[in-house]
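# Examining the three-dimensional arrangement
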Amino acid sequence: MVKEFISQLSPDKLTPFEGHPYQVREDAAMDELVESIRVHGILSPLLARPKGDGCELVSGHRRRLAAQKLGLPTVPVLVQEMTDDEAVILMVDSNLQRENLLPSERAFAYKMKLEAMKHQGKTTSVQSLHEVKNR
């Protein structure tokens, strides 16, 4: 049984995922995200896992920065216990649909996912990664 809960946490209390392969760019897309959150709020909770006395952000680094720019005191966060390998797989899968990924970011993310899947004993062929991505 996965232990999880939703909480309102300060964006400043969420530490970035160690080895996060994606750049959080301050560009026009970030400006659009900030405006969307200003108008509509955060529609999808960030994903984090307990780590030490706080939480490590697995998915939602861009939403976290947008919330910080807006000075939001808290953001909705789904806090879920997960292993390092599970966190890597979720982090990669939650970001691969982004349009503006650099090829180097995508390649490094796939490499991270492949290594995590090897640790879990799952199929690790490139074809299998493609099949997982397109589910």
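Given the structure is predicted, the values throughout are model-derived calculations rather than measurements. (Residues numbered from 1 in each chain as written. Predicted model: local features only at pLDDT ≥ 70, side-chain atom pairs only at ≥ 80, totals over all residues. Heavy atoms only, no water.)

### Some points on the sheet that holds strand 2 (residues 14–15)
Applicable threshold: A pair of strands is considered paired only if DSSP assigns at least 2 bridges between the two. Secondary structure elements follow DSSP: runs of H or I no shorter than four residues count as helices, runs of E no shorter than two count as strands, and numbering proceeds from the N terminus. Note on contacts: a residue pair is in contact if any heavy atoms of the two residues lie within 4.5 Å. Helix axes are fitted to C-alpha atoms over the stretch in contact, other axes to C-alpha atoms as well, and angles between N-to-C directions run from 0 to 180 degrees.
Strand order in this open sheet of five strands is 1-5-3-4-2, and the pairing throughout is mixed. In the strand order of this sheet, the two ends are held by strand 1 (4–9) and strand 2, each with one partner. Examined bridge by bridge, strand 1 and strand 5 (residues 75–80) share six bridges and lie antiparallel to one another. Bridge pairing links L9 to V75 in strand 5. Lying over the sheet, helix 2 (residues 61–70) contacts strand 2, strand 3 (46–51), strand 4 (54–59) and strand 5, oriented at roughly 120° with respect to strand 4.

### As for the nonpolar core
Threshold: Among the buried residues, those of types Ala, Val, Leu, Ile, Met, Phe, Trp, Tyr and Cys that are joined through side-chain atoms within 4.5 Å form a nonpolar core. Burial classes follow relative accessibility: with a 1.4 Å probe on protein chains only, a residue under 20% of its type's maximum area counts as buried, one over 50% as exposed, and anything between as partly exposed.
In this structure, L14, M30, I42, L46, A66, V75 and V77 are the most contacted members of the largest nonpolar core, which totals 16 residues. If you tally residues by element for this core, the top one is helix 1 (residues 28–40), at four residues. Each residue touching A66, except ones within four places of it in the same chain, is listed here: M30, L33, V34 and I37. With 12 residues, the next largest nonpolar core counts M82, M91, V92 and A116 among its residues.

### Examining the pattern of salt bridges
Pairs can form between side chains of opposite charge whenever their charged atoms are close. For clarity, the threshold we go by: Any carboxyl oxygen of Asp or Glu within 4 Å of a side-chain nitrogen of Lys or Arg constitutes a salt bridge here.
Within the structure shown, the criterion is met by six salt bridges. Residue K3 is joined to E81 by a salt bridge in which the shortest nitrogen-to-oxygen separation is 3.9 Å. Note that K3 is positioned in the segment before strand 1 and E81 in the loop between strand 5 and helix 3 (84–95), a separation of 78 residues in sequence. Classification of K3 as exposed rests on a relative accessible area of 54%.

### Focus on helix 1
Here is the rule: Multiplying one less than the number of residues by 1.5 Å gives the expected span of a helix. Think of it as the arc spanned by the lines of direction from the helix axis to the C-beta atoms. Any pair of N or O atoms that falls within 3.5 Å is considered a polar contact. Within protein, one atom must be able to donate a hydrogen and the other to accept it, and sequence-neighbouring residues count only if both atoms are side-chain atoms.
For helix 1, spanning 13 residues, the distance from its first C-alpha to its last is 18 Å, which sits close to the expected 18 Å at 1.5 Å a residue. When helix 1 is considered as a whole, its buried residues turn out to be M30, L33, V34 and I37. On an axial view of helix 1, the arc spanned by its buried residues comes to 100°, and they lie on one face. More than 90 degrees from the buried face of helix 1, the exposed residues found are A28, D31, E32 and H40. In the core, the buried residues of helix 1 are packed alongside helix 2. Capping the start of helix 1 is the job of one residue whose side-chain oxygen sits 3.2 Å from the backbone nitrogen of A29: D27. Of the residues flanking the end of helix 1, it is G41, one or two places downstream, whose phi is positive at about 80°.

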